Amino acid sequence: MGLAAADNDILADALQRIQEEVNDAFDEFLPPVADGRSSLVDAMRYAAIGGGKRVRPLLLVATAELYGVSRRAAVHAGCAVEAIHAYSLIHDDLPCMDDDALRHGKPTVHRAFDEATAVLAGDSLHALAFDILTRTDTSSDPFVQAELVRCLALASGHEGMAGGQVMDMAAEDSTYDLGQITRLQQLKTGALLGASVEMGAILGRVPPEGRTHLRGYARDIGLAFQIADDLLDVEGDEAKAGKALRKDEGQGKATFVTLMGVEKARAQAGMLVEQAAQHLASYGDKAKLLVALARYIVERDR
């Protein structure tokens, strides 16, 4: 089932608002400097401001709003997730990894600056994420701060995104089955999406045992997101995507599409989205934005 017109309007407004809020927050976190660090800060701003759909911060904010969390606090925590995401893209695009020239429709950081500056910009955005999470305007409760930090750290490292990335790098020389591809993507793509949802609940002081349904929602949209990405890699328009497509096929990597076929993959993504919506049924209309986000994930064209 696709997005209804009213839900589409709600989502469009929410995406526009979060994009503006995240850009404004990064502008505040990363003011330009007039000393020897200027190229580094400029590269961080280049990567963090004005790019991407901001799905992760919106997931965090929409979850936090279920529990009456301050929007400013939720946006700041969302920026921490987005700082990790931005750092990962800078490093993924480097010649030693994917060697990409284009990201969000503009030259990648190492092309716009240089490789050394790109590495340091990624490192510094990683550090900034945890700085943001321990600021009192994100949370004044040290226990909440600590839980936020641990959640994002687990999602970022070898048990999450970085672990998925190294599995992806090995995929060129390996024959992965559907279970292995699912595990890879749960780490590489799903971990940060899941952390976004979980961190919204942490800000809302929801105990771990009360987050099971949210984890189910996050797990399902994480897999749906990657299936949609694999479909876009096969069928998408590079001009709309703002990056190179059809690289997995050229590298001989297994994907959900190569293993399942286009139609089965599309059907699986749709099933996952409906399953994700069912996890939130108890919230009724309060979860309308999260449900709309889940549907947008598989219907987006970039």
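Just so it is clear, the structure is predicted and the values come from calculations on it, not from any experiment.

A. Representation of the layout of surface pockets within the structure. The space that makes up the second largest pocket amounts to roughly 580 Å³. Along the wall of the second largest pocket there are 26 residues; nearest its centre are Ala 191, Gly 194, Ala 195, Glu 198 and Arg 215. Of all the secondary structure elements, the ones that give two or more residues to the lining of the second largest pocket are α7 (142–156), α9 (178–188), α10 (190–203) and α11 (212–235). Class assignment for the residues of the lining of the second largest pocket results in 12 nonpolar, 6 polar and 8 charged.

B. Spatial organisation of a nonpolar patch on the surface. On the surface, Met 97, Val 166 and Met 169 cluster together into a nonpolar patch covering about 240 Å² of accessible area. One can find Met 97 in the loop between α4 (71–92) and β1 (102–103). You can call Met 97 partly exposed: its relative accessible area is 31%.

C. Spotlight on the packing of aromatic side chains. Counted by the stated rule, this structure contains 3 aromatic pairs. Judged by centre distance (6.4 Å) and plane angle (75°), the ring pair of Phe 26 and Phe 29 falls under edge-to-face. On the criterion of helical spacing, the pair formed by Phe 26 and Phe 29 is a turn pair, its members being 3 residues apart in helix α1 (residues 5–29). A relative accessible area of 0% means that Phe 26 is categorised as buried. Aromatic pair Tyr 46 and Phe 113: ring centres 5.5 Å apart, planes at 80°, arrangement edge-to-face. Note that Tyr 46 is positioned in helix α2 (residues 38–48) and Phe 113 in the loop between α5 (109–112) and α6 (115–133), a separation of 67 residues in sequence. For Tyr 46, a relative accessible area of 22% gives the class partly exposed. A residue is classified by how much of its surface remains accessible, and Phe 113, at 29% relative accessible area, is partly exposed.

So, how was this worked out
Residues numbered from 1 in each chain as written. Predicted model: local features only at pLDDT ≥ 70, side-chain atom pairs only at ≥ 80, totals over all residues. Heavy atoms only, no water. 1 Å grid on protein atoms, 1.4 Å probe; cavity = no way out; pocket = protein on both sides within 12 Å on 5 of 7 lines; lining within 4 Å. Points joined across faces, edges and corners; volume = space filled by probe spheres on them. Helix = DSSP H or I, 4+ residues; strand = E, 2+ residues; numbered from the N terminus. Nonpolar A, V, L, I, M, F, W, Y, C, P; charged D, E, K, R; others polar. Patch = residues over 30% accessible without salt bridge, like charges linked within 9 Å, V, L, I, M, F, W, Y side chains within 5 Å. Areas by Shrake-Rupley, 256 points an atom, 1.4 Å probe, with all protein chains shown as cover. Salt bridge = Lys/Arg side-chain N within 4 Å of Asp/Glu carboxyl O. Buried < 20%, exposed > 50% of the residue type's maximum accessible area, 1.4 Å probe, protein only. Phe/Tyr/Trp six-rings, centres within 6.5 Å; stacked < 30°, edge-to-face > 60°.

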